[in-house]
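Results of the structural survey
Below, each chain spelled out in residue letters.
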Amino acid sequence: MASTLKLILFLLLSFHIFSLVSSHQHHPLDSLTPSEFTLVRTIVNKTYPSSKLNITFQYIGLDEPDKPIILSWLSNSKSKPPPRRAFVIARLDKQSHEIIVDLSTRVIVSDKVYHGHGYPLLTLDEQFAAAELPQTYEPFIESIKKRGLNLSEVVCSTFTVGWFGELKSKRVLKLLCFYIDGTVNLYARPVEGITLVVDLDEMKIVEYNDRLIVPVPKAEGTEYRESKQKPPFGPRLNGAALVQPDGPGFKIDGHTVSWANWKFHLGFDVRAGPIISLASIYDLEKQKYRQVLYRGFISELFVPYMDPTEEWYYKTFFDSGEFGFGQSAVSLKPLADCPANAVFLDSYYASSDGTPVKISNAFCIFENHAGNIMWRHTELSIPEKVIREVRPDVSLVVRMVATVGNYDYIIDWEFKPSGSIKLGIGLTGILEMKGVIYTHTDQIKENVHGTLLAENTIGVYHDHFLTYYLDLDVDGEDNSFVKNNLETIKVTNHSSPRKSYWTVVSETAKTESDARIQFGLKPAELVVVNPNKKTKVGNNVGYRLIPGSATRPLLSYNDYPQIRGAFTNNDVWVTPYNKSEKWAGGLYVDQSQGDDTLAVWSLRNRKIENKDIVLWYTTGFHHVPCQEDFPVMPTLSGGFELRPTNFFDSNPVLKTRPPNPVHWPNCTNKP
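Rules and cut-offs
- Residues numbered from 1 in each chain as written.
- Predicted model: local features only at pLDDT ≥ 70, side-chain atom pairs only at ≥ 80, totals over all residues.
- Heavy atoms only, no water.
- Disulfide = S-S within 2.5 Å.
- Helix = DSSP H or I, 4+ residues; strand = E, 2+ residues; numbered from the N terminus.
- Buried < 20%, exposed > 50% of the residue type's maximum accessible area, 1.4 Å probe, protein only.
- Phe/Tyr/Trp six-rings, centres within 6.5 Å; stacked < 30°, edge-to-face > 60°.
- Lys NZ or Arg CZ within 6 Å of the ring centre and 35° of its normal.
- Pairing = 2+ DSSP bridges.
- Axes fitted to C-alpha atoms, helices over the stretch in contact; angles between N-to-C directions.

The next subject is the state of the cysteines. This model, assessed by the stated rule, comprises two disulfides. Bridging Cys 338 to Cys 364, the disulfide has an S-S length of 2.2 Å. Handedness here is read from the sign of the S-S torsion; for Cys 338 and Cys 364, about -90°, the answer is left-handed. Residue Cys 338 is found in the loop between helix 6 (319-323) and strand 16 (343-350), and its partner Cys 364 is found in strand 17 (residues 356-368); the two are separated by 26 residues along the sequence. Here Cys 338 and Cys 364 have matching classes, each one buried. The connectivity of the disulfides in the protein chain is 1-2, 3-4, where the numbers refer to bonded cysteines in sequence order.

Below you can see the structure in the form of structure tokens.
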């Protein structure tokens, strides 16, 4: 009977899931479709025939309409939507072209050559091609033989080279190689001492260095596949069935998601990954949807490693701008990455030749029944009465996982009926490891820049800094940034037995410099308010940032990687909205020189009071590897919250009805 019940539940759930997604017309913020990628490819190739010129598409994405145009269309959605356009960065004759293609008229609107510092997003195709080159490169083959390794068990991976003061540089990558004999955990078996440099425009090895020989760490104990594990095994965790007899509580119309009191648009970009737009929440008292977030996404992820030696100093990665969070998205595994009640959505990006690439199950969306409490109170002070009111919490989660080389990043957007948006990030996957001669900590007499995890294996110290772009439109576009400083007041006039208390002293940022925040220096609540809208009792409506753990960069400000990553110098920045200012590390991040970053834009010190403003927030981790992170790392979680602050006149979930209880039939495994 149990198996029959499972089948029935599966069929019911499948029916509800398929009925969730309806047909729709294009929303102006919809991601490009496969046919649109193909159209872009056709138009550009027609302009630059491939028979004469070798053109590669480094980036193709939606050229989003100007914000006023979107807002105008939203006010009258029956009107004709704005024209669809694509923004293209293509490599042609060793130059980067910025091309805008009008998809409705099928013409190139503009085409200009970029002459500044840095290079565009790397494609997977060119990385794979570069990683294959050592297999036929004689000096490398000799180095592998010298180490007594089997060439067929050696794989190489690509690493960006950074910038260290060079005036000019070619578009190159470095290759490091690994030994997979006896394991698929390649990062656990580095072949140290060998570095290859590949010119991507020429697609050939232009530099080679075999500097030293270090023992390759053993394969034993590095496997993480379930099928390869041997007894004794850990405890088997009991499963749990989630049943929704009425089906999921959300609907998907094209790329617009509606759930409970929330409505938002979900987009995808090859660089940013998930993009949440037009998030608004229904106000029960006002009987209308109210704006919260116009657009939000991860703008950049800065990952500097802390080993200054020859083979490691340049490992200062910008995972979004160099490798692409969207391009690195992986297919989610049902019942493992996402629960049984999840709905999955596919996404697409363009390969280096412009043809569309499908990522199946790139997103999952699900209602999260985590056993949390939305609100509760037990009242015991009324004689002869016990009053207990509890509301279980349910939230809606949008999830994507990006695997950038060795690390897997779990990206969550969680919407709560209370009005909060929780942005979660989980780090898992494999550490970046370095081969050494040491087998025990007693042997180490020098700074090895990491932790000895296993014999001959160092997990190198490093950071993860995630910078979020958050264009909050709190009940409208014109907002202000307010620091509610918590200040101690001394009682000196003996008016109270108390000697001190704290109070709130509010400070509205006038310009960008007023809104640069480093946490830990001064206690404050940070709120984006709408100074033009007030609650019934007179407070400015707002949303406040509840930050995660404060993680400050520890590199010197004049260190080359930190110049490029200067957008992490402050935890919070606020800028006036500018369509061109999307990427905190600049549009061209590979080998950039830090002259087109959030830190540079903000030097203009523009006015931000009662303006359309963007909040930039960086959350992060200082990662000191430990043995529990080996051979694969348990998820390390972080995040932050955007929480309504005087946005509603009272608790918006006071009248929320609890979910209907689900009664299970009596089942038994006995015949």
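The rest of the description comes next.
Before going further, it helps to spend a moment on the packing of aromatic side chains. Applying the stated rule across the entire model yields 31 aromatic pairs. Ring geometry for Tyr 468 versus Phe 640: centroids 4.9 Å apart, planes at 80°, classification edge-to-face. Separated by 172 residues along the polypeptide, Tyr 468 in strand 26 (residues 462-472) and Phe 640 in strand 33 (residues 633-645) bring together distant segments of the chain. Per residue, the accessibility class of Tyr 468 equals that of Phe 640, and both read buried. Judged by centre distance (6.2 Å) and plane angle (65°), the rings of Phe 519 and Tyr 617 are edge-to-face. On the criterion of sequence distance, the pair formed by Phe 519 in the loop between strand 28 (500-508) and strand 29 (524-534) and Tyr 617 in strand 32 (residues 611-623) is long-range, its members being 98 residues apart. For Tyr 617, a relative accessible area of 0% puts it in the buried group. Across the ring face of Tyr 294, the terminal group of Lys 67 is positioned such that the distance to the ring centre comes to 4.5 Å. Its guanidinium or amino end placed over the ring of Phe 159, Lys 315 lies 4.6 Å from that ring's centre, counting from NZ or CZ.

Time to look at unusual backbone geometry. Looking along the chain, the bond that leaves Pro 231 and enters Pro 232 is cis, with omega of 0°. You can see Pro 232 is positioned in the loop between strand 9 (204-210) and strand 10 (250-253). In this model, Phe 630 is joined to Pro 631 through a cis peptide bond whose omega is 5°. By the secondary structure assignment, Pro 631 is in the loop between strand 32 and strand 33. Although it is not a glycine, Lys 94 sits at a positive phi angle of roughly 65°. In this structure, Lys 94 sits in the loop between strand 3 (85-92) and strand 4 (95-102). A positive phi angle, close to 50°, is found at Ala 260, a residue other than glycine. As for its position among the elements, Ala 260 is in the loop between strand 11 (256-259) and strand 12 (262-269). The exposed category is assigned to Ala 260, whose relative accessible area is 55%.

Adjacent strands of a sheet form backbone hydrogen bonds with each other and so pair up, either parallel or antiparallel. The three strands lie next to each other as 23-25-24, forming an open sheet whose pairing is antiparallel. Two strands bound the open sheet, and with one partner strand each, they are strand 23 (433-435) and strand 24 (450-454). For this sheet, the mean angle separating the axes of adjacent strands, direction not counted, is 40°.

Spatial relationships are all this shows, so hold off on functional conclusions.
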